[in-house]
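Reading the structure
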Amino acid sequence: MTDQEPGFETLAVHAGGAPDPATGARQTPVYQTTSFVFDDADHAASLFNLQVPGFIYSRLTNPTVSVLEERCAALEGGVGSTATASGHAAQILALFPLMQPGDEIIAANKLYGGSINQMGHSYKKFGWGAKFVETEDTENFRRAITDRTRAIFIESLANPGGVVMDIAAIADIAHEAGIPLIVDNTMATPYLCRPFDHGADIVVHSTTKFLSGNGTAIGGVVVDSGKFNWMQNDKFPSLSKPAPEYHDLTFAETFGELSYTIYGHAIGLRDLGASQAPMNAFLTLLGIETLPLRMDRHCANAQAVAEHLSLHKSVDWVSYAGLETDKYHGLAQRYLPRGAGAVMTVGLKGGYDAGVKMVEAVELFSHLANIGDSRSLIIHPASTTHRQLTEEQLTAAGAGAEVVRLSIGIESVADIIADLDQALATAGG
Ligand SMILES: *Cc1c(COP(=O)(O)O)cnc(C)c1O
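Our subject in this report is the structure included herewith. Since the structure is predicted, the reported quantities are computational estimates derived from the model, not experimental observations.

1. A few points about the site of the ligand
Taken together, 14 residues sit near the ligand, with G87, D184, S206, T208 and K209 positioned nearest. Note that an oxygen atom of the ligand is positioned 2.8 Å from one of the backbone N or O atoms of G87. In this structure, D184 approaches the ligand through a side-chain N or O atom, which is 2.7 Å from a nitrogen atom. Summarising the interface, the protein chains cover 93% of the accessible area of the ligand, which totals 380 Å² for the free molecule. When residues in the shell around the ligand are grouped by element, the largest group, 3 residues, is from helix α4 (residues 87-95). Class assignment for the residues of the shell around the ligand results in 2 nonpolar, 9 polar and 3 charged.

Written out as structure tokens, the structure reads:
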């Protein structure tokens, strides 16, 4: 072995994995078991005291899920991670160590629609607040911070419109206020963007999308950079003060840079129960092995499609940060140098009716509510995911009546473009 740092492609195949010590199995086995036998009573006690690493019960940790956790931490350049049942579960688990009733987060107003629902409505039931700020001016984050703010939450590349955030500038604002920056890196994946390299503290993913990559498994993950000092102020008592929920252990003192991740398992998964199933972790690990190859193809195909559609007579505009004329192109070159991802929105000259006709006319594309599959996907938000919104809200969300969202797959690009052309011809406008 050389002492060279392994590259991203090597980590995607190997990080966290090793031949199974019991059988020699080369692929990570699916440890489809709820619980694990203790060596003896002392061993059981040390496991429960968090004094030795090991497995107790699959709500807390599971060997297959642990490989996924190590691999995601390695790919993001973090120190540890917590896998969860879904991307939405990851968002709750990410905030759980940070928040007390009455605390709040500041979030970008350009987020996945489901995240706006979750944060805007359901967080209130935990006594958590969420304030959404307009992201055109990064200083809006600073202006919104109060003494109850515990985190800033953004997406590196925002779903759906290809909005790229100035991660480094927003991280500086968070750190001046003594709070962490959490980045949802689902759309970019660590292959295109590594938020920790730009100052972010915590990354969350919906592994449902590009990481699993085949549209097979719902899942999420929370990754910690290990760099945020939870003891620097008294905003984070769950980590910096004795925790009554775990025999008065002070997590930040006992576990140092791993404290946030250990809290995520020992308290977060223990009490919220949103654990990832071993089979889903296995499927996601299979997907991650080919992440770099797939992302290169996703980006090259999306770039070609965006360039083609921006010149198409039925298309009013294309929002994709890979286009030189796009207002986020400069930020994309800095934060996403390998490509601007697979997802774009397209404004049709024919408006609402053209959008509905187009999703019905596609043949290669699938009309469904997902992104990040190896297959090309299409949706008309105004008649589906966003149908409960008013016209004003639709426009603010970048999902006006004329908008279709495309998630470009890894098929032959000529076939993707041909399908879009025939669907646009049918849709007219
Ligand atoms: C899909 C998605 C989520 C939610 O993830 P689930 O796995 O569906 O719970 C969160 N953020 C982004 C950017 C997403 O695309």
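2. Comments concerning the packing of aromatic side chains
Taken as a whole and judged by the stated rule, the model has 13 aromatic pairs. Between the aromatic rings of F36 and F55, the centroid separation amounts to 5.4 Å while the plane-to-plane angle is 40 degrees, which identifies the pairing as tilted. Of this pair, F36 sits in the loop between α1 (8-14) and α2 (41-48) while F55 sits in the loop between α2 and α3 (63-76), placing them 19 residues apart in sequence. You can call F36 buried: its relative accessible area is 18%. Look at F55 and you get partly exposed, because its relative accessible area is 29%. Between K209 and the ring centre of Y112, over which it is positioned, the NZ or CZ distance is 4.8 Å.

3. Examining the nonpolar core
Counting residues in hydrophobic clusters, the biggest one holds 121 residues, and the most contacted among them are L98, I152, I154, L181, M344 and L406. If one sorts the elements of this core by residue count, helix α13 (residues 291-310) sits on top with 7 residues. Both domain 1 (8-287) and domain 2 (291-428) contribute no fewer than three residues apiece to this core. For L181, the residues in contact, after removing those within four places along its chain, are I152, I154, I167, I170, A171, A174, A200, D201 and I202.

4. Things to note about the sheet that holds strand β14 (residues 403-407)
Ordered in space as β10-β11-β14-β13-β12, the 5 strands form an open sheet in which the pairing is mixed. The sheet is open, and its two borders are formed by β10 (315-319) and β12 (366-367), each paired with just one other strand. Packing of helix α15 (residues 351-361) onto the sheet brings it into contact with β11 (343-348), β12, β13 (377-379) and β14, and relative to β11 it is tilted by some 130 degrees.

5. Examining the packing of helix α12 (residues 278-289) against α13
Where α12 meets α13, the axes come as close as 5 Å, and the angle between the chain directions of the two elements is 65 degrees. In this structure, α12 contributes G287, I288 and E289 to the contact, and α13 contributes L291, P292 and R294. A per-class count over the contact of α12 with α13 returns 3 nonpolar, 1 polar and 2 charged.

6. Quick look at the packing of α15 against helix α17 (residues 413-427)
Where α15 meets α17, the closest approach of the two axes is 8 Å, and the angle between their N-to-C directions is 135 degrees. With respect to α17, the element α15 is oriented oblique. Considering how the two elements wind past one another, α15 and α17 form a crossing that is right-handed. Every residue of α17 that contacts α15 at A354, K357, M358 and A361 is listed here: L420, Q422, A423, L424, T426 and A427.

Conventions and cut-offs
- Residues numbered from 1 in each chain as written.
- Predicted model: local features only at pLDDT ≥ 70, side-chain atom pairs only at ≥ 80, totals over all residues.
- Heavy atoms only, no water.
- Near = heavy atom within 4 Å.
- Polar contact = N/O pair within 3.5 Å; in protein donor to acceptor, adjacent residues only side chain to side chain.
- Areas by Shrake-Rupley, 256 points an atom, 1.4 Å probe, with all protein chains shown as cover.
- Helix = DSSP H or I, 4+ residues; strand = E, 2+ residues; numbered from the N terminus.
- Nonpolar A, V, L, I, M, F, W, Y, C, P; charged D, E, K, R; others polar.
- Phe/Tyr/Trp six-rings, centres within 6.5 Å; stacked < 30°, edge-to-face > 60°.
- Buried < 20%, exposed > 50% of the residue type's maximum accessible area, 1.4 Å probe, protein only.
- Lys NZ or Arg CZ within 6 Å of the ring centre and 35° of its normal.
- Core = buried A, V, L, I, M, F, W, Y, C linked by side-chain atoms within 4.5 Å.
- Domains from an automatic or database assignment.
- Contact = heavy atoms within 4.5 Å.
- Pairing = 2+ DSSP bridges.
- Axes fitted to C-alpha atoms, helices over the stretch in contact; angles between N-to-C directions.
- Parallel < 35°, antiparallel > 145°, perpendicular 65-115°, else oblique.
- Left-handed = near helix turned anticlockwise from the far one by under 90°.

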